[in-house]
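Examination of the molecular architecture
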Amino acid sequence: RPLNISEARIINGTSPYIGRAEIKVNGTWGTMCDRYFDNDANSQFCKMLGLKAADVYRNARYGEGSGPVFIDELFCYSNTASLSMCRYLAYNRCSHQSDVSVACYGPRLNVSDVRLVNGTGPDDGRAELLVDGKWGTICDDSFDITDTEAFCAMLGKNYNGSILYADCSYYKKYVGVLELTCDNVTKKWITNGECQEYRFPLDVADIRLVNGSVPGSGRVELKSMNTWGTICGDGFDMDAANVICKMLGFPPAKTLYRSAHFGPGFGPIFVDDLACDASAKHINNCSYITEDNCNHNNDISVVCTGRCQFYLLYAKENAVYILRVIQNIK
């Protein structure tokens, strides 16, 4: 029997259209299990919000919900009338660790003007839109030559196929720089350079602590593929902090901070959900993912126990040995 689904919402995400998917049944908000949840299912969910489906995320990508898990094994046909009329199990075989998250395309924007900013002249630069009296930018995901020509046409100009540079760090799990040249005949991009994907286990060439108040403290940064990046604080605990300090050649950690205590970093966030046991000596002995849902405000910082140097002093007058311990000296 169909559930009495009266409302839908997207919460805890990066925008009103990306986040955890929740439905309201008999006055109670709850979640849906990600098992078998596909784009057809998402299409029905987004339709309840007056939107179109864009993407599906699994494993509580935007946080675990609360309340009941109303739907499991949701299966919808593309022509299904509503979410309630799809096939599903209306009892819970999932935990909130499997809560589904979604992305829906937002409503049509009221674009009243466009401009190019910070270029070398009037005909190049960052593309910006004026929407409801506010200037904003355009994400480069799926932005192609046809879109470029449409934007230039709004400026009363033609696209001339000049060279563009794409920073791969804007794409999750990639580092590097691409040079893109438009082929005006084929309407395709010609690329030079490479975006390199990073994945477990990382090839860690170096590790450092940045912006700390004393030696052995600071924001944790890893170097891989000749690029410095950071670690997300999700799930980071003292066992993981101890591993970082071991890699740096310090004794165990004293303190950890999960919220950019020593300032946000730059570049890729190489590691998320780092989980280590007490015997691990390197992050590659631990488990982690390289598909993060963090920003640099979640960068991890640690304070390691300082290295010690011992000085043995001898006072002839009273034949007393004095042992002095100085900490935090490299």
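These remarks concern the structure in this document. Because the structure is predicted, anything quoted here is derived from the model rather than measured. (Residues numbered from 1 in each chain as written. Predicted model: local features only at pLDDT ≥ 70, side-chain atom pairs only at ≥ 80, totals over all residues. Heavy atoms only, no water.)

1. Observations concerning the nonpolar core
A general trend in soluble globular proteins is that nonpolar side chains are found buried together. What counts, and what does not: For this analysis, a nonpolar core means a set of buried residues of the types Ala, Val, Leu, Ile, Met, Phe, Trp, Tyr and Cys, connected via side-chain atoms within 4.5 Å. For each residue, the accessible area found with a 1.4 Å probe, counting protein chains only, is set against the maximum for its type, and the residue is called buried under 20%, exposed over 50%, and partly exposed in between. Under the DSSP-based scheme used, a helix requires at least four consecutive residues in state H or I and a strand at least two consecutive residues in state E, with every element numbered from the N terminus. Here, two residues are considered to be in contact whenever any of their heavy atoms come within 4.5 Å of each other.
Ranked by internal contacts, the top residues of the largest apolar core, which has 31 residues, are Leu222, Phe236, Ile244, Val271, Leu274, Ile283 and Val302. Those elements that provide at least two residues to this core are strand 16 (206–211), strand 17 (217–224), helix 3 (238–247), strand 19 (253–257), strand 20 (269–275) and strand 22 (301–304). For this core, the element with the most residues is helix 3, which contributes six residues. Not counting residues within four places of it along the chain, the set of residues in contact with Ile244 comprises Ile207, Val220, Ile231, Phe236, Ile283 and Val302.

2. Thoughts on the packing of aromatic side chains
Definition in use: In this scheme Phe, Tyr and Trp rings, the latter by its six-membered ring, pair at centre separations within 6.5 Å, and the angle between planes marks the pair as stacked below 30 degrees, edge-to-face above 60, and tilted otherwise. For a Lys NZ or an Arg CZ to count as sitting over a ring, it must be within 6 Å of the ring centre and within 35 degrees of the ring normal.
The tally for this structure, following the rule as stated, stands at five aromatic pairs. Each ring, one from Tyr57 and one from Tyr62, has its centre 5.8 Å from the other, and the planes form 80°; the classification is edge-to-face. The same class applies to Tyr57 as to Tyr62, namely buried. The interplanar angle of 80° and the centroid separation of 4.8 Å between the aromatic rings of Tyr198 and Phe270 together place this pair among those described as edge-to-face. Placement of Tyr198 in the loop between strand 15 (196–197) and strand 16 and of Phe270 in strand 20 is noted, with a sequence separation of 72 residues between them. Phe270 shares its class with Tyr198; the two are buried. Sitting over the face of the ring of Trp135, Arg115 holds its NZ or CZ atom 3.9 Å from the ring centroid. Stacked on the ring of Trp228, the Lys or Arg Arg208 has its end atom at 3.7 Å from the ring centre.

3. With respect to the environment of Gly19
Considering the arrangement of structural elements, one finds Gly19 in strand 2 (residues 18–25). For Gly19, a relative accessible area of 0% corresponds to the buried category. Considering only alpha carbons, one finds Gly19 and Gly63, 44 residues apart in sequence, at a separation of 8.5 Å. Once residues within four sequence positions are removed from consideration, Gly19 is found in contact with Ile10, Ile11, Gly13, Tyr62, Ser101 and Val102.

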